[in-house]
Amino acid sequence: MAKIVIIGAGPTGLSAAYHLEKKGFVDYKLFEKESETGGLCRSIYQDGFTFDYTGHLLHVGDPYFRQFINDVVGFENLEIITRRSFIYSHGVFTHYPFQVNLHGLPPHVIAECIEGYVTRPVSRKKPKSFPQWVMQSFGEGFAKHFFMPYQRKIFAHDLKNITTSWTGRFVPTTSLQQIIAGALQKPNDELIGYNAQFYYPKVDGTAFWVNKLAETIKAPIHTNCSVTKVDITNKVVTFANGHVEPYDQLITTMPLDRLLDIIVEPSSSSLKKAIPKLLCNKVVNFNLGVSRNVSDKHWIYYPEAQYPFYRMGFYHNFAASNAPAGYSSLYGEFSHINASKKKVAEMLATSLAATKKILGIEDREIVTEKVVHIDHAYVIYDFWREKHLAKIHQQLHAFGVHSIGRYGEWKYSSMQEAILDGKKAIEQLIMLPAHQSYYMPAAAPSSSKII
Ligand SMILES: Cc1cc2nc3c(=O)[nH]c(=O)nc-3n(C[C@H](O)[C@H](O)[C@H](O)COP(=O)(O)OP(=O)(O)OC[C@H]3O[C@@H](n4cnc5c(N)ncnc54)[C@H](O)[C@@H]3O)c2cc1C
């Protein structure tokens, strides 16, 4: 029996393993359902092109994460890049963020945004829903021309049911002076917002950094091992191949709704009732390799309803190695919540046709194509989640189950946070009272075998 079992070898599970080993703890096993490690931070190599699971850009804000990247990945292997991102609406490209770069938009749009900002409802009460927050922070014009249509597309959900708790980090607020300056003069995008600068591996796409992390793990990583049952009373996980693994503490990074679906819970518990309430969208990520350089931008937001996708980006502008010289490696993203197969196929066809039209791509120029379906993409921050999520985690904790990471915790978070989540979980586990502590400084070799 391994004292600790980790489910999932994405960045969070790998980070948990890395931090266990760093503490000298060897009595653990790491299981991954796919044939390779990396989770959503893998890359696809196809016909000379590199595609990620849509743009995966490294934001290094936390001092510990900076040190971690330095030690594990090496900054010499990463390019630091200043964002070239745009919004396409009303037939023009404006620089991101929209709210401080109105220059170039039709005069009536600029007027509506400024008037809306000046006359926005001022209230001492904290806004509850996302639409209220947009109205109070930016006003009607910005809501109409960017925030509402864009977020409606990305969440594919009624925005009135969405809270404000995720907005702080992702949506930069502004001032009247910045808005007017941005309406009168050319771009002012350089260092505004969390993603103004980012790192990206020089070779092998985003997978490069997460592969470096996997290479540091000394214990075997058991790939092709899909967990199909978690008996939280008897503390046993069962795999699709029939293998059974008892544990003392379970760290799981698989999506929380899937975990609740496969747990065997005691009759006194009602965790399964939460499954239909945990909402997230699915993203369809279409990737194209094109025999010509179609753009010098990093990515473009498409808020208008006439385009089914919400964003398009260009991997070859993150790293030249992502496409053959002079060629393009591009991605588009659209989202839905449980749309029918037929509807998804229609959206994909419309998206591909629009992409080709916008960029003037001829069929003969398309070298390769790859469509990826991301079934857990953006967690929906609705009011149910706000009220009940913490209780689900508390109940799981009581059974020695620690559900962490972007989908384990059911949240909107980055690769940096995945590493910090894995670290935090291990710190909390080894800080248990002495009689329950698993900290074992002696480094006996792991007895785990590939199953
Ligand atoms: C569209 C999109 C764009 C993004 N862009 C960025 C970006 O630009 N920058 C950034 O920092 N972050 C970005 N992210 C977030 C980033 O992908 C996540 O923060 C990160 O992947 C979370 O890591 P994780 O290990 O928690 O989850 P995951 O990467 O999902 O890993 C979970 C692992 O668990 C495995 N697993 C699941 N079920 C089982 C099972 N039953 N048995 C065994 N194993 C199982 C999975 O196969 C997977 O390997 C983006 C996310 C999305 C969806």
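In this text the structure is predicted, and so the values were computed from the model without any measurement.

A.B. asks: Even after reading the chapter, I still don't get the environment of Thr164, so can you show me in this structure?
C.D. replies: Inspection of the secondary structure assignment puts Thr164 in the loop between α5 (140–155) and α6 (167–170). For Thr164 and Asp382, which are 218 residues apart along the polypeptide, the C-alpha to C-alpha distance reads 9.1 Å. Here Thr164 is in contact with Pro127, Lys128, Ser129, Phe130 and Trp133, once residues within four sequence places are set aside.

A.B. asks: How do you make sense of the site of the ligand when you look at a structure like this?
C.D. replies: The full set close to the ligand counts 30 residues, and Thr12, Glu32, His56, Leu57 and Met415 are the nearest of them. One of the backbone N or O atoms of Lys33 is found 3.2 Å from a nitrogen atom in the ligand. Residue Met415 places a main-chain N or O atom 2.8 Å away from an oxygen atom belonging to the ligand. Relative to its unbound accessible area of 1,000 Å², the ligand is 93% covered by the protein chains. If you list the elements that add at least two residues to the shell around the ligand, you get α1 (11–22), α12 (405–408) and α13 (415–430).

A.B. asks: How do you make sense of the pattern of salt bridges when you look at a structure like this?
C.D. replies: Where charged atoms from two side chains of opposite charge come close, those side chains can pair. Summed over all chains, the structure comprises 13 salt bridges. Put simply, Glu409 and Lys411 hold a salt bridge, and the shortest N to O gap is 3.1 Å. The buried category is assigned to Lys411, whose relative accessible area is 12%. Across the pair Asp421 and Lys411 runs a salt bridge, and its minimum N-O distance is 2.8 Å. Of this pair, Asp421 sits in helix α13 while Lys411 is found in the loop between α12 and α13, placing the two residues 10 residues apart along the sequence. Taking relative accessible area as the criterion, Asp421 reaches 10% and is therefore assigned buried.

Conventions used here
- Residues numbered from 1 in each chain as written.
- Predicted model: local features only at pLDDT ≥ 70, side-chain atom pairs only at ≥ 80, totals over all residues.
- Heavy atoms only, no water.
- Helix = DSSP H or I, 4+ residues; strand = E, 2+ residues; numbered from the N terminus.
- Contact = heavy atoms within 4.5 Å.
- Near = heavy atom within 4 Å.
- Polar contact = N/O pair within 3.5 Å; in protein donor to acceptor, adjacent residues only side chain to side chain.
- Areas by Shrake-Rupley, 256 points an atom, 1.4 Å probe, with all protein chains shown as cover.
- Salt bridge = Lys/Arg side-chain N within 4 Å of Asp/Glu carboxyl O.
- Buried < 20%, exposed > 50% of the residue type's maximum accessible area, 1.4 Å probe, protein only.

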